[in-house]
Amino acid sequence: IDEHRDKKWTQLRINREGWIATANSEHTTNAGNEGPISNILDGNKNTMWHSKYEKGGNNWHDERPNPSDPFQFTINLGKVTTFRAFSIMPRTTGQPNGRFRHFEFYAAVTEEELNSKIQNKRI
């Protein structure tokens, strides 16, 4: 959903203030259009998170044990929050690569609970 043009869901949007996003792979952690996981929270359709590819940019990281392991990102909302749906805005610039084709959504109150759900595939 392009939240700048959306009229239907605006009143239901959760305030992102205080949210913290982390990822197991980033092309760069430096601010900019392509790379840091923080871009998924900025509301800017022209910025995006990008996993590490090729040699990586400045301050890149890839913590996956194997290159074929899935990419994972976590959003800590900072407090218990009730919601009924979520939306994502796919990459809107450049090549069609970098769009999610398959994803799993997990919700938990603690990091330990989240890791257990992921490990046991309890969505």
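Figured I'd write up the structure that's included with this text. (Residues numbered from 1 in each chain as written. Predicted model: local features only at pLDDT ≥ 70, side-chain atom pairs only at ≥ 80, totals over all residues. Heavy atoms only, no water.)

Helix and strand content of the protein chain: 1 helix and 6 strands. Counted from the first residue to the last, the protein chain has its helices and strands arranged as β-β-β-β-β-β-α. A compact globule built from 123 residues would reach a C-alpha radius of gyration of about 14 Å, and the protein chain, at 15 Å, matches this within 12%. When its C-alpha atoms are laid out on the principal axes, the protein chain stretches across 40 × 35 × 25 Å. Residues classed as buried in the protein chain amount to 21% of the 123 residues present. Sequence-distant contacts, at least 24 apart, represent 54% of the contacts inside the protein chain between residues at least 6 apart. For the protein chain, the accessible surface area stands at approximately 9,600 Å², while carbon and sulfur atoms represent 50% of it. One way to put it: in the protein chain the 17 positive side-chain charges average out to a point 8 Å from where the 15 negative ones average out. (Helix = DSSP H or I, 4+ residues; strand = E, 2+ residues; numbered from the N terminus. Rg over C-alpha atoms; globule rule 2.2 N^0.38 Å. Buried < 20%, exposed > 50% of the residue type's maximum accessible area, 1.4 Å probe, protein only. Contact = heavy atoms within 4.5 Å. Areas by Shrake-Rupley, 256 points an atom, 1.4 Å probe, with all protein chains shown as cover. Lys, Arg positive; Asp, Glu negative; His and termini not counted. Charge placed at Lys NZ, Arg CZ, Asp CG, Glu CD.)

Turning our attention to the pattern of salt bridges. A full pass over the atoms with the stated rule returns 3 salt bridges. For the salt bridge of Asp62 with Arg64, the shortest nitrogen-to-oxygen distance reads 2.8 Å. Judged by its relative accessible area of 27%, Asp62 falls in the partly exposed class. Note on Arg64: relative accessible area 12%, which makes it buried. Residue Lys117 is joined to Glu113 by a salt bridge in which the shortest nitrogen-to-oxygen separation is 3.7 Å. Separated by 4 residues within a single helix, Lys117 and Glu113 lie in helix α1 (residues 111-119), roughly one turn from each other. Here Lys117 falls in the buried class, since its relative accessible area comes to 17%. (Salt bridge = Lys/Arg side-chain N within 4 Å of Asp/Glu carboxyl O.)

We now examine the packing of aromatic side chains. For any pair of aromatic rings, the description rests on two quantities: the centre-to-centre distance and the angle between the ring planes. Tallied over the full model, the rule gives 4 aromatic pairs. An angle of 80° between the planes, with centres 4.4 Å apart, marks the rings of Phe86 and Phe105 as edge-to-face. Of this pair, Phe86 sits in the loop between β6 (73-76) and α1 while Phe105 sits in the loop between β6 and α1, and the two are 19 residues apart along the sequence. By relative accessible area, which is 34% here, Phe105 ends up partly exposed. The rings of Phe83, Phe86, Phe103 and Phe105 are connected pair by pair, giving a single aromatic cluster. A cation over a ring is seen here: Lys52 above Trp60, with NZ or CZ 4.9 Å from the ring centre. (Phe/Tyr/Trp six-rings, centres within 6.5 Å; stacked < 30°, edge-to-face > 60°. Lys NZ or Arg CZ within 6 Å of the ring centre and 35° of its normal.)

Glancing now at unusual backbone geometry. Both trends apply: most residues other than glycine have a negative phi, and most peptide bonds are in trans. Backbone geometry at Asn59 places phi at a positive 60°, although glycine is not the residue there. Position of Asn59 relative to the elements: it lies in the loop between β4 (48-49) and β5 (61-62).

You can see Arg64 is positioned in the loop between β5 and β6. Excluding residues within four positions of it along the chain, Arg64 makes contact with Asn24, Asp69, Pro70 and Phe71.

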